[in-house]
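Chain by chain, the residues run as shown.
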Amino acid sequence: MGIIETAVDTGSDAYRENREAMLKLVEELGRELKTAREERSDRARKRNAELGKLSVQQRLDRLLDPDSPWLEIAPLAARGMYEGDVHGAGSRAGIGVIHGREVVVLANDPMIKGGTVYPMGVKKTLRMQAIAMENHLPMVTLVDSGGAYLPLQSEIFPDIDDGGRIFYNQALMSKANIPQVTAVMGLCTAGGAYIPAMSDHVVHVSGTGAIFLGGPPLVKAATGEDVTAEDLGGAMVHCRDSGVSDYFAEDDADAMRIVRDIFLTIPANSKARVPCRAATDPLCDPSELYGIVPKSTTIGYDCREVIARIVDGSEFHEFKALYGPTLVCGWAWIHGYEVGILGNNGVLFSDSSLKATQFIQLCDRMGIPLVFLQNINGYIIGREYEQRGITKDGHKMVNAVATSTVPKFTVILGASFGAGNYGMCGRAYSPRFLWMWPNAKIGVMGGEQAAQVLISVKNDQFAREGQDPLPPEFEQSIKETIVEQADKDGNAYHSTANLWDDGIIDPVKTRDVLGLAISASLNAPLEGRKVGYGTFRM
Ligand code: COA
């Protein structure tokens, strides 16, 4: 097996400058993640302590196997939205390990507006359910939520991908034998009450946990009845009288112990088999990724230098190395799992698109997961390329990506523009997971190009109407506005806040994140897939 020979000069000025720039971004990411995990008001902390509740982190520590891997999902969802303090869209979520078994975990944070659910909180819950369903992973929910964040109720209620979808999915998950275990750890009102009700196993914490369709104030208003939360929907009511809950827990720690015990009784899936071998570290140092990636997404670089730092032994069996050179395709192993990698080395031409299509078909037939390393400005444009049929060749690639049946994983290393985002398995193409590096940019096109298009549309319009073109100072101001907007809307933080990805990751962690994700994906069977594609336009 060939080993990628690196051509990186770690003593060069460019390497040093790139490294400094990337390290700044990674430090900023570290600060953002810490804030999201830890910034809570004194009042909320005091209230949590008064009630004798554990923090979300303490709950997770007791729930998951000690020193086991934790793949956090969307920790910066809703960053900068609402009042700026709805960290992680009001919850922590990820894939953790209970008794050696991978599970999806979603934990409301009662210290963020009583754990109430904002629009982004609904989106995050639906994302976690999608992860559970696609990868056949059990789902544990630690509910501590006052239900809908009422000032924004119209944004989370009736539509197909709004709150109701969460409970609809729960019914489908139960039918599909995807176990759902829920711990009731706070007052779960209305929507919050349906999560445990729709689950397969319900643990209920005495004293602080309650389930009711309408809380005491609503009951008082509607019926005049005075009743405490505990008497209305506490652990004793639901474990002894109503049967809504299955297990009575003395406190948070006891609840986490019971959830763990439940997993001893649920039979584990046998994992799908993909070609594997013993894992080895990359020969090239992953920390050199910091110096390899140029500061600007407009500067190209050889993506083999990235591959060399994320795959086992830096070994890469390259496919069609001389054909379609703007897309690098080949086989490698990540943490022992064989994968087919597609990485951009420039814009996509007809030949690189056809190569991708063939490569995807090969991996799909062989049952080898696909990893897309996106750094793409789009498909080539211009008369010559249109005449040669770039649109139909790009279409074949997009068709193969959409219809292939093996698990797919996408990491956006830099640019993610236009149809290149689609062909390289952007979010709409349902990769099992998608991450961004902190330098990544995403959009229909870059700000400069968008400004250019808009200016020429305006000038064409003026020309048709016999008017003078835009004065240069006007053009400049349009350009600045559009570029500024594109930078704001197309950066990695905007993407992650909107849940267009599963998180921003430190480039050095790419290999480990991919390894955990591939492992989690293998809980869904690969056998019995129906390999087949739509009609390829020839
Ligand atoms: N919508 C918007 N904000 C809400 C809210 C809701 N449904 N429920 C609570 N909050 C806010 C509170 O205003 C408070 O905000 P602040 O931090 O800015 O002061 C914060 O969440 C914490 O609420 P608080 O009541 O102080 O905390 P608590 O731990 O004692 O109780 C709840 C938390 C959620 C149990 C309690 O607030 C409650 O019962 N809320 C109403 C739940 C409800 O009826 N929901 C209907 C949804 S369909």
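Heads up: the structure comes first, above all this text.
This write-up is about the structure you can find in this document. (Residues numbered from 1 in each chain as written. Predicted model: local features only at pLDDT ≥ 70, side-chain atom pairs only at ≥ 80, totals over all residues. Heavy atoms only, no water.)

1. Examining the overall build of the chain
Here's step 1: For the chain, the count of helices and strands is 20 helices and 16 strands.
Here's step 2: In terms of C-alpha radius of gyration, the chain reaches 25 Å, essentially the compact-globule figure of 24 Å for 538 residues.
Here's step 3: Projecting the C-alpha coordinates of the chain onto the three principal axes gives extents of approximately 75 × 65 × 50 Å.
Here's step 4: In the chain, buried positions account for 53% of the 538 residues.
Here's step 5: Long-range contacts, defined as pairs at least 24 residues apart, comprise 75% of the intrachain contacts of the chain with a sequence gap of at least 6.
Here's step 6: Each charge class in the chain can be summarised by its mean position, and for the 53 positive and 67 negative side chains these summaries are 4 Å apart. (Helix = DSSP H or I, 4+ residues; strand = E, 2+ residues; numbered from the N terminus. Rg over C-alpha atoms; globule rule 2.2 N^0.38 Å. Buried < 20%, exposed > 50% of the residue type's maximum accessible area, 1.4 Å probe, protein only. Contact = heavy atoms within 4.5 Å. Lys, Arg positive; Asp, Glu negative; His and termini not counted. Charge placed at Lys NZ, Arg CZ, Asp CG, Glu CD.)

2. Description of the sheet that holds strand β9 (residues 247–249)
Here's step 1: Taken together, seven strands build an open sheet; the order of strands is β1-β2-β3-β4-β5-β7-β9 and the sheet is mixed. In this open sheet, the two edge strands, each paired with only one partner strand, are β1 (71–72) and β9.
Here's step 2: Sheet analysis places strand β7 (residues 201–205) next to β9, joined by three bridges and oriented parallel. The residue bridging H204 from the neighbouring strand is F248, located in β9.
Here's step 3: Against the sheet, helix α3 (residues 56–63) makes contact with β2 (91–98), β3 (101–108) and β4 (139–143), and its axis sits at roughly 160° relative to β3, the strand it touches most. (Pairing = 2+ DSSP bridges. Axes fitted to C-alpha atoms, helices over the stretch in contact; angles between N-to-C directions.)

3. A closer look at the packing of α3 against helix α10 (residues 252–265)
Here's step 1: Viewed as axis vectors pointing N to C, α3 and α10 meet at an angle of 35°, and their least axial separation amounts to 9 Å. Of the two elements, α3 crosses α10, and the hand of that crossing is right-handed. When α3 is examined against α10, the residues R59, R62 and L63 are found in contact with a partner set consisting of D252, A253, M256, V259 and R260.
Here's step 2: Of the residues in the contact of α3 with α10, the class split is four nonpolar, no polar and four charged. (Left-handed = near helix turned anticlockwise from the far one by under 90°. Nonpolar A, V, L, I, M, F, W, Y, C, P; charged D, E, K, R; others polar.)

4. Observations regarding the side chain of D364
Here's step 1: Looking at the element boundaries, D364 is found in helix α13 (residues 350–366).
Here's step 2: Note on D364: relative accessible area 0%, which makes it buried.

5. Let's talk about the pattern of salt bridges
Here's step 1: Using the criterion set out here, one finds 30 salt bridges in the structure.
Here's step 2: Between D312 and R511 there is a salt bridge; the shortest N-O distance is 2.7 Å. Residue D312 is found in the loop between α12 (304–307) and β10 (317–319), and its partner R511 is found in helix α20 (residues 510–521); the two are separated by 199 residues along the sequence.
Here's step 3: What makes D312 buried here is its relative accessible area of 1%.
Here's step 4: You can call R511 buried: its relative accessible area is 6%.
Here's step 5: Residues joined in a network through salt bridges with shared partners are K53, R59, D144 and D252. (Salt bridge = Lys/Arg side-chain N within 4 Å of Asp/Glu carboxyl O.)

6. Considerations on the site of the ligand
Here's step 1: As a structural note, the neighbourhood of the ligand is formed by 13 residues, with R43, R47, K113, G146 and A148 the closest of them.
Here's step 2: Interatomic distance of 3.0 Å between a backbone N/O atom of A148 and a nitrogen atom of the ligand.
Here's step 3: At 3.0 Å from a nitrogen atom of the ligand is found a main-chain nitrogen or oxygen belonging to L150.
Here's step 4: When the ligand sits alone it has 870 Å² of accessible area, and the protein chains cover 58% of it.
Here's step 5: Mapped onto the shell around the ligand, the elements with two or more residues apiece are α2 (42–50) and β6 (187–189).
Here's step 6: Of the residues contributing to the shell around the ligand, the split by class is six nonpolar, four polar and three charged. (Near = heavy atom within 4 Å. Polar contact = N/O pair within 3.5 Å; in protein donor to acceptor, adjacent residues only side chain to side chain. Areas by Shrake-Rupley, 256 points an atom, 1.4 Å probe, with all protein chains shown as cover.)

7. Some words on the state of the cysteines
Here's step 1: Summed over the entire model, instances satisfying the criterion amount to zero disulfides.
Here's step 2: C284 forms no disulfide, and the closest cysteine sulfur to it belongs to C303, at a distance of 13 Å.
Here's step 3: In this structure C284 comes out as buried when scored by relative accessible area, which is 9%.
Here's step 4: For the unlinked cysteine C425, the closest cysteine sulfur is that of C363, found at 13 Å. (Disulfide = S-S within 2.5 Å.)

8. A few points about the pairing of β4
Here's step 1: Of all the five residues making up β4, five are buried; the element is thus mostly covered by neighbouring parts of the structure.
Here's step 2: As judged from the five bridges shared by β4 and strand β5 (residues 180–184), these two strands associate in the parallel manner. The residue bridging M139 from the neighbouring strand is Q180, located in β5.

9. A few points about unusual backbone geometry
Here's step 1: Despite not being glycine, D67 has its phi angle at roughly 55°, a positive value.
Here's step 2: Tracing the chain through its elements places D67 in the loop between α3 and β1.

10. Focus: the packing of aromatic side chains
Here's step 1: The tally for this structure, following the rule as stated, stands at 11 aromatic pairs.
Here's step 2: Ring geometry for F409 against F433: centres 6.4 Å apart, planes inclined by 5°, an arrangement best described as stacked. Of this pair, F409 sits in strand β14 (residues 408–417) while F433 sits in strand β15 (residues 433–436); the two residues are 24 residues apart in sequence, bridging distant segments of the chain.
Here's step 3: A relative accessible area of 0% places F409 in the buried class.
Here's step 4: According to the relative accessible area criterion, F433 is buried, its value standing at 0%.
Here's step 5: Members of the aromatic cluster, each reached through a chain of ring pairs, are Y82, Y118 and Y149.
Here's step 6: Positioned above the aromatic ring of W333, the side-chain terminus of R277 is 3.8 Å from the ring centre. (Phe/Tyr/Trp six-rings, centres within 6.5 Å; stacked < 30°, edge-to-face > 60°. Lys NZ or Arg CZ within 6 Å of the ring centre and 35° of its normal.)

11. A short note on the pairing of strand β13 (residues 370–376)
Here's step 1: The buried fraction of β13 is high, at seven of seven residues.
Here's step 2: One ladder, built from four bridges, connects strand β12 (residues 337–344) with β13; its direction is parallel. Along β13, the bridge assignment pairs I341 with V371.
Here's step 3: Alignment of β13 against β14, held across six bridges, turns out to be parallel. Residue pairing across strands places Q374 opposite I412, the latter belonging to β14.

12. Observations regarding the nonpolar core
Here's step 1: Counting 88 residues, the largest nonpolar core has I307, I341, L342, L373, W435 and W437 as the members making the most contacts within it.
Here's step 2: The element that contributes the greatest number of residues to this core is strand β11 (residues 327–334), accounting for six residues.
Here's step 3: By size, the runner-up hydrophobic cluster in this structure holds 23 residues, among which are V105, V181, V203 and I262. (Core = buried A, V, L, I, M, F, W, Y, C linked by side-chain atoms within 4.5 Å.)

13. Observations concerning the packing of helix α17 (residues 447–464) against helix α18 (residues 472–489)
Here's step 1: Between α17 and α18, the shortest axis-to-axis distance is 8 Å and the interhelical angle comes to 140°. Taken together, the axes of α17 and α18 are oblique relative to one another. The way α17 lies across α18 gives a crossing that is right-handed. Every residue of α18 that contacts α17 at G447, E448, A450, A451, Q452, L454, I455 and N459 is listed here: E475, I478, K479, I482, V483 and A486. (Parallel < 35°, antiparallel > 145°, perpendicular 65-115°, else oblique.)

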